[in-house]
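Observations on chain architecture
Residue strings, one per chain:
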Amino acid sequence: MAELLTNPRELLAARLRQMLWIELQLSEDVLPQLREQAHAPDLQWAFERHILETEGHVEAVREVLRDLEAPADPEESPAFEGLVAEHEQLVKQVFEDGHLLSDLAHAQAALATEHLEMAGYQSLASLAETLGEETIGIRLRELMEQEELALEQVERATAKLLAEKVESERL
Ligand SMILES: [Fe+2]
């Protein structure tokens, strides 16, 4: 079992260690896999771009933990594990000739992850600011904004994919 938390700063650090674990899973495993599985070039590009960004997030979260003088060992996030399991289940249910539904399933997984990360950084930024850690709050909000941009890119890629499908069926 993870260590006991006895004050708000320790709780902030523990949640940051979970965010670190999520970012590591994403950059080393999940996003490279999604990039390989995706067929739509826009979606592949969105995943590729976010891999590089996510590597930056790993470093940013490590720095924040260093500034808090807290341990920086990643801590598993059951919420993220759940999203990965949900994606695997959805992909198994897909039955189609082309790649549209599987691409949509990959996009859904990416969007759900972005929302999880945004919720994490938003709530941790507020907690850090409440604890008087203004600079850390600003850095966490910057990470949240990057997640939001990544989310918008996946949404745009999804919209384009569906628009192309509608267009091709009209021909
Ligand atoms: Fe991230």
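Our subject is the structure listed above.
Note that this is a predicted model, so its numbers are computed, not measured.

A tally of helices and strands in the protein yields five helices and zero strands. C-alpha extents for the protein along the principal axes are approximately 60 × 30 × 20 Å. Looking at the protein residue by residue over its 171 residues, the buried ones come to 29%.

The subject of this paragraph is the environment of Leu140. Among the secondary structure elements, Leu140 is positioned in helix 5 (residues 134–170). By the C-beta count within 10 Å, which is 27 here, Leu140 ends up buried. In sequence terms Leu140 and Ser123 are 17 residues apart; their C-alpha atoms lie 9.3 Å from each other. When residues no more than four places from it in sequence are discounted, the contact partners of Leu140 are Tyr121, Leu124, Ala125 and Ala128.

Turning next to helix 3 (residues 78–93). Residue pairs three or four apart in sequence face the same way in an α-helix, which turns once every 3.6 residues. Helix length check: helix 3, at 16 residues, gives a terminal C-alpha distance of 23 Å against a target of 22 Å (1.5 Å per residue), a fit within 8%. Turning to helix 3, its buried residues number three or more, namely Phe80, Leu83 and His87. One side of helix 3 carries all its buried residues, which in axial view fall inside an arc of 55 degrees. Turned more than 90 degrees away from the buried face of helix 3 sit Pro78, Gly82, Ala85, Glu88, Gln89, Lys92 and Gln93, all of them exposed. Check the buried side of helix 3 and you find it contacts helix 1 (8–37) and helix 4 (100–130).

Relative to the 39 Å expected for 27 residues at 1.5 Å per residue, helix 2 (residues 41–67) spans 39 Å between its end C-alpha atoms, a close match to the ideal helical length. Buried within helix 2 are the following residues: Leu43, Ala46, Phe47, His50, Thr54, His57, Val61, Val64 and Leu65. Against helix 1, helix 4 and helix 5 lie the buried residues of helix 2. Phi turns positive one or two residues past the end of helix 2, at Glu69, with a value near 55 degrees.

Before going further, it helps to spend a moment on the packing of helix 1 against helix 2. For the pair helix 1 and helix 2, the least separation of the axes is 9 Å and the interaxial angle reads 155 degrees. The angle between helix 1 and helix 2 falls in the class roughly antiparallel. In the packing of helix 1 onto helix 2, the handedness of the crossing is left-handed. Each residue belonging to the contact of helix 1 with helix 2 can be placed in one class, and the counts come to 15 nonpolar, five polar and six charged.

This next bit is on unusual backbone geometry. One non-glycine residue, Glu69, lies in positive phi territory at about 55 degrees. Here Glu69 shows up in the loop between helix 2 and helix 3.

The rules we used
- Here the residue index of a chain counts from 1 through its sequence in written order.
- Residues qualify for local features only when their pLDDT is at least 70, as the model is predicted, and side-chain atom pairs are given and counted only at 80 or more; totals for whole chains, interfaces and linings, by contrast, use all residues.
- Per the convention used, a helix needs a DSSP run of H or I reaching at least four residues, while a strand needs a run of E reaching at least two, with both numbered from the N terminus.
- Exposed residues have 12 or fewer other C-beta atoms within 10 Å of their own C-beta, buried residues have 20 or more, and residues in between are partly exposed; the C-beta atoms are placed from the backbone.
- Any two residues are considered in contact once their C-beta atoms, placed from the backbone, lie within 7 Å.
- Here the expected span of a helix is defined as 1.5 Å times the quantity of residues minus one.
- Arc definition: directions from the helix axis to the C-beta atoms.
- Lines fitted to the C-alpha atoms define the axes, with helices restricted to the stretch that makes contact. Angles between their N-to-C directions range from 0 to 180 degrees.
- The cut-offs work like this: below 35 degrees is roughly parallel, past 145 is roughly antiparallel, 65 to 115 is roughly perpendicular, and the gaps in between are oblique.
- Each crossing is labelled by how the near helix is turned from the far one, with a counterclockwise turn of less than a right angle marking it left-handed and a clockwise turn marking it right-handed.
- Following the grouping adopted for this structure description, the nonpolar residues are Ala, Val, Leu, Ile, Met, Phe, Trp, Tyr, Cys and Pro, the charged ones are Asp, Glu, Lys and Arg, and the polar ones are all others, Gly among them.

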